[in-house]
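These are the residues of each chain, in order.
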Amino acid sequence: MNMYCRTTADAESSLWWQRAVIYENHLPSFRDGNGDGIGDLVGLTMSLDYLSDALGVDAVWVGPFYRSPLLDQGYDISDHCDVEPVFGTMADFDRLIVEAHLRSIRVIVDFVPNHTSDQHPWFVESRSSRSNAHRDWYVWRDPAVGGGPPNNWTSEAGGSVWELDDLTGQYYLHSHLIEQPDLNWRNAEVRGAMLDVLRFWLDRGADGVRIDVAHMLMKDPEFRDNPVREIPEVNEYDLQHADFATQHHINDRGHRDVFDVLREIRRVVDCYPDRICIGEIEGMPWADWAKYFGEQLDVLHMPFAFRLIETPWQAGALADEVDAMLDAAPADAWAVLALGNHDRPRLASRLGQAQARVAAIMLLTLPGTPTLLYGDELGLEDQPVPAERQRDRFARMVGGVSRDPTRTPMPWTSGRNGGFSEADERLLWLPISKRLTEVAVSTQIEDDSSSLALYRRVLALRRRSPALTSGAYRRLVPVTPNEDVWVYERGVGEERKVVALNFGQRWQRTEVITGGEVVVSTVLGREGRAVAERLELAPNEAVIVNTGAAHHRTESK
Ligand code: GLC
Ligand code: CA
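Residues numbered from 1 in each chain as written. Chains lettered and ligands numbered in written order. Predicted model: local features only at pLDDT ≥ 70, side-chain atom pairs only at ≥ 80, totals over all residues. Heavy atoms only, no water.

K.L.:
Go over the overall build of the protein chain, please, and point to the residues and values.
P.N.:
Along the backbone of the protein chain there are 15 helices and 20 strands. In terms of C-alpha radius of gyration, the protein chain reaches 24 Å, essentially the compact-globule figure of 24 Å for 557 residues. Judged by the C-alpha coordinates and their principal axes, the protein chain covers about 80 × 50 × 50 Å. Going through the 557 residues of the protein chain one by one, you find that 61% of them count as buried. Counted over contacts in the protein chain with a minimum sequence separation of 6, partners at least 24 positions apart contribute 70%. Surface summary for the protein chain: the accessible area is close to 21,100 Å², and the carbon and sulfur share equals 50%. (Helix = DSSP H or I, 4+ residues; strand = E, 2+ residues; numbered from the N terminus. Rg over C-alpha atoms; globule rule 2.2 N^0.38 Å. Buried < 20%, exposed > 50% of the residue type's maximum accessible area, 1.4 Å probe, protein only. Contact = heavy atoms within 4.5 Å. Areas by Shrake-Rupley, 256 points an atom, 1.4 Å probe, with all protein chains shown as cover.)

K.L.:
I'd like a description of the packing of aromatic side chains, backed by residues and values.
P.N.:
One pass over the structure, following the stated rule, counts 26 aromatic pairs. A ring pair is formed by Phe123 and Trp140, whose centres lie 5.9 Å apart and whose planes are at 5 degrees; its orientation type is stacked. With a gap of 17 residues between them, Phe123 in helix α5 (residues 121–128) and Trp140 in strand β6 (residues 140–141) connect regions that are remote in the sequence. For the pair formed by Phe123 and Trp140, the shared burial category is buried. Above the plane of the ring of Trp140 lies Arg135, whose end atom (NZ or CZ) is 3.7 Å from the centre. Over the ring of Tyr374 we find Arg346, and its NZ or CZ is 4.7 Å from the ring centre. (Phe/Tyr/Trp six-rings, centres within 6.5 Å; stacked < 30°, edge-to-face > 60°. Lys NZ or Arg CZ within 6 Å of the ring centre and 35° of its normal.)

K.L.:
Quick rundown of the site of ligand 1? Include the residues and the values.
P.N.:
Taken together, the neighbourhood of ligand 1 is formed by 14 residues, with Asp72, His115, Asp212, His342 and Asp343 sitting nearest. A distance of 3.0 Å separates an oxygen atom of ligand 1 from a polar side-chain atom of Arg210. Within the side chain of Asp212, one N or O atom sits 2.9 Å away from an oxygen atom of ligand 1. Class assignment for the residues of the shell around ligand 1 results in three nonpolar, four polar and seven charged. (Near = heavy atom within 4 Å. Polar contact = N/O pair within 3.5 Å; in protein donor to acceptor, adjacent residues only side chain to side chain. Nonpolar A, V, L, I, M, F, W, Y, C, P; charged D, E, K, R; others polar.)

K.L.:
Please give an account of helix α11 (residues 353–363) that cites residues and values.
P.N.:
Burial within α11 is extensive, with nine of its 11 residues counted as buried. Within α11 the residues assigned to the buried category are Gln355, Ala356, Arg357, Val358, Ala359, Ala360, Ile361, Met362 and Leu363.

K.L.:
Tell me about the pairing of strand β7 (residues 162–165), and please be specific about residues and values.
P.N.:
As defined by bridge partners, β7 adjoins strand β8 (residues 170–173) across four bridges and the pair is classed as antiparallel. Counted as the bridge partner of Asp165 is Gln170 from β8. Connecting the antiparallel pair β7 and β8 is a turn made up of four residues, with Gly169 showing a positive phi of about 70 degrees. (Pairing = 2+ DSSP bridges.)

K.L.:
Break down the coordination of the calcium ion (ligand 2) for me, citing the residues and quoting the values.
P.N.:
Note on the calcium ion (ligand 2): its protein donors are Asp32 (OD), Asn34 (OD1), Asp36 (OD), Ile38 (O) and Asp40 (OD). The metal-donor distances range over 2.2 to 2.4 Å. Mapping the donors of the calcium ion (ligand 2) onto the primary sequence gives the spacing D-x1-N-x1-D-x1-I-x1-D. Look at Asn34 and you get exposed, because its relative accessible area is 52%. (Donors = N, O, S within 2.8 Å, 3.2 Å for Na, K, Ca; no water.)

K.L.:
Explain the confidence of the model for the protein chain to me, and be specific about the residues and the numbers.
P.N.:
Looking at the protein chain, the pLDDT average stands at 94 and 96% of residues meet or exceed 70. Low pLDDT, under 50, characterises residues 7–13; the stretch is placed with 12 contacts to residues that sit more than four places away or in other chains. In the predicted structure, residues 553–557 sits below a pLDDT of 50 and forms 12 contacts with residues beyond four places in sequence or in another chain. (pLDDT = per-residue confidence, 0-100.)

K.L.:
Lay out unusual backbone geometry with the relevant residues and their values.
P.N.:
For Val213, which is not glycine, the phi dihedral falls at a positive 30 degrees. As for its position among the elements, Val213 is in the loop between β9 (208–211) and α7 (258–269). Take Val213: its relative accessible area is 6%, and that puts it in the buried class.

K.L.:
A description of the layout of surface pockets should follow, citing residues and the corresponding values.
P.N.:
Estimates place the volume of the largest pocket at around 1,200 Å³. Looking at the lining of the largest pocket residue by residue, the classes come out as 16 nonpolar, 14 polar and 20 charged. (1 Å grid on protein atoms, 1.4 Å probe; cavity = no way out; pocket = protein on both sides within 12 Å on 5 of 7 lines; lining within 4 Å. Points joined across faces, edges and corners; volume = space filled by probe spheres on them.)

K.L.:
Kindly report on the domain arrangement of the protein chain, identifying the contributing residues and their values.
P.N.:
Its domain assignment divides the protein chain into domain 1 (4–114 + 187–219 + 254–458) and domain 2 (470–556). Each of domain 1 and domain 2 has a C-alpha centre, and the two are 30 Å apart. Of the residues lining the interface, 25 residues belong to domain 1; the matching set on domain 2 comes to 26 residues. Taking both partners together, domain 1 and domain 2 bury about 2,100 Å²; carbon and sulfur atoms supply 68% of that area. In terms of surface lost to domain 2, no three residues of domain 1 exceed Ala315, Ile361 and Thr365, which account for 24% of the buried area on that side. Put simply, domain 1 and domain 2 have three salt bridges between them. Its salt-bridge partner being Arg475, residue Asp320 comes within 3.0 Å of it at the nearest N-O pair. The interface formed by domain 1 and domain 2 includes 11 residue pairs in polar contact (both at pLDDT 80 or more). With eight residues, the top contributor of residues to the side of domain 1 that touches domain 2 is helix α9 (residues 315–328). Counted by class, the side of domain 1 that touches domain 2 contains 15 nonpolar, five polar and five charged residues. (Domains from an automatic or database assignment. Buried area = accessible area lost by both parts, 1.4 Å probe. Salt bridge = Lys/Arg side-chain N within 4 Å of Asp/Glu carboxyl O.)

K.L.:
I'd like a rundown of the sheet that holds β9, residues and numbers included.
P.N.:
Taking strand neighbours across the sheet as the criterion, the eight strands line up as β11-β10-β9-β5-β2-β1-β13-β12 in an open arrangement whose pairing is parallel. Among the strands making up the open sheet, the edge pair consists of β11 (302–303) and β12 (336–338). As judged from the four bridges shared by strand β5 (residues 106–111) and β9, these two strands associate in the parallel manner. Residue pairing across strands places Val109 opposite Val209, the latter belonging to β9.

K.L.:
Account for the side chain of Asp32, with residues named and values stated.
P.N.:
Its place among the elements puts Asp32 in the loop between β1 (22–24) and α2 (41–46). Of the side chains bearing the opposite charge, Arg416 lies closest to the buried Asp32, which forms no salt bridge; the N-O distance is 9.2 Å. One polar contact links the side chain of Asp32 to the main-chain amide nitrogen of Gly37, over a distance of 2.6 Å. Setting aside anything within four residues of it in sequence, one finds Asp32 in contact with Gly37, Ile38, Gly39, Asp40, Gly43, Phe420, Ser421 and Glu422. (Lys, Arg positive; Asp, Glu negative; His and termini not counted.)

K.L.:
Tell me what's going on with empty space enclosed by the protein, and back it up with residues and numbers.
P.N.:
This structure, assessed with the given rule, holds two cavities of 30 Å³ or more. The space that makes up the largest cavity amounts to roughly 60 Å³. When residues of the lining of the largest cavity are traced back to their parent elements, those giving at least two are α10 (347–351), α11 and α14 (451–463). Sorting elements by how many residues they give to the lining of the largest cavity places α11 first, with three residues. For the lining of the largest cavity, the residue count by class is five nonpolar, three polar and two charged. Roughly 50 Å³ of internal volume is contained in the second largest cavity. If you go around the second largest cavity, the residues you meet are Leu339, Gly340, Leu347, Leu363, Thr371, Leu372, Leu373, Asp376 and Tyr455. Considering every element that reaches the lining of the second largest cavity, the biggest residue donor is strand β13 (residues 369–373), with three residues. Among the residues making up the lining of the second largest cavity, the classes are represented as six nonpolar, two polar and one charged.

Pasting the structure below:
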């Protein structure tokens, strides 16, 4: 037993997470179980049959449900080891675990180590005096010589990361909202306390954690300025404040010591059988991303490959990124993939409905563990939220950006409030989609041409296809950035599946696929058909073809 373990565990891992599809349900927006207008743990538990049977995913990532003033959708925690009453009770969490496990669904919870709410008792203590025992649990600095913040770092939420606290005349660090002070992970007591939080939820049955901003835990110990960008570089794929784009964020995050603390987290997780840690790390060069696995694969089980989200939607560019990702990954490493999440524009808004379907096939057939954002299976789009209904405090900063349009409620039916809640419409966490009839689960489940039907078919196929979950990946056609088609194979043993994606608006003929059977297509009426001489792809069409080994030519790469 190592020093991190409070229980002994069988080191044997079933690697369930390499075969799984994860579903991010975003709790306040998913389903309201008690009629107050806000999604909760009971509502999620009520939805498990949808997830396991109707849709067919393997794990849910719940989103934070801990005690919180809810200024950042629960990522501002005031008590890590209790449930926020708006979201339910500890008994509701226990029941979620039992009911999910009955359906073979794993439950991944958020672990938010970088910061707390300013209402957390640790911070209340810390700010009370310079000599308080918790002072060093957060990051306090004197003003710069001559006054003002200690350095130039800018926050993702906008403005400086430093806030002056008049009581003691020092600044504290908050990488996000002013109300989200950063913990000091260089303090051993902080590490100990946060590892206990981790144990608390693993003991209660969580199957894994998604570590919030895992790359940010360690900063430059000398707090040097970030280099300024001459021309600000706004990340169009992420919803961040423009202030953030004005510098190279090399000193406020990603310090090499971060791997040591993530390794400590991993050691705790490894004390429990079959649990995983997934890390949210920002898009970065693949060589840097690869370090988050650790050379011995002893850091994160799966760091998010966000660079894929941040690649232009072009066949060649995406195929090149996947090649680069696979080349950079250490042997036996396994990525977690996503094309969107609760911080970014919705997939269907970014790509349009037709290409969102191509994206579905791509995400669910690339090597790695796919993560779906709730509602993406319905082609849900961003919906403008009027200022008076906004929840995201990031939007209230001067020039702030709201992530609320991405986070509107899950539309279950075309009836009142989309079946999301019994509450009066004005009480809903966020307004429901204006295109209810079209997007609702109840509408789409009856319609073979719907987005939901497509997701269901691909997910069902994945479940019975070792090639699609664990098969080797090979790119089959050389594609240059101007071409619209990307073809790849996943294969294991005798099983071969070829995936062909048309990113363009014209018919395309693929030269590599010369036989086999189309098992899934974004175009209705094509499935079950044999591939004749050459596979022709309709505009915006993506297909999965079952090929015998003889049915395609030798790959060119
Ligand atoms: C992560 C979360 C985001 C949150 C931020 C601060 O990026 O995904 O929603 O605002 O961390 O906790
Ligand atoms: Ca509720």
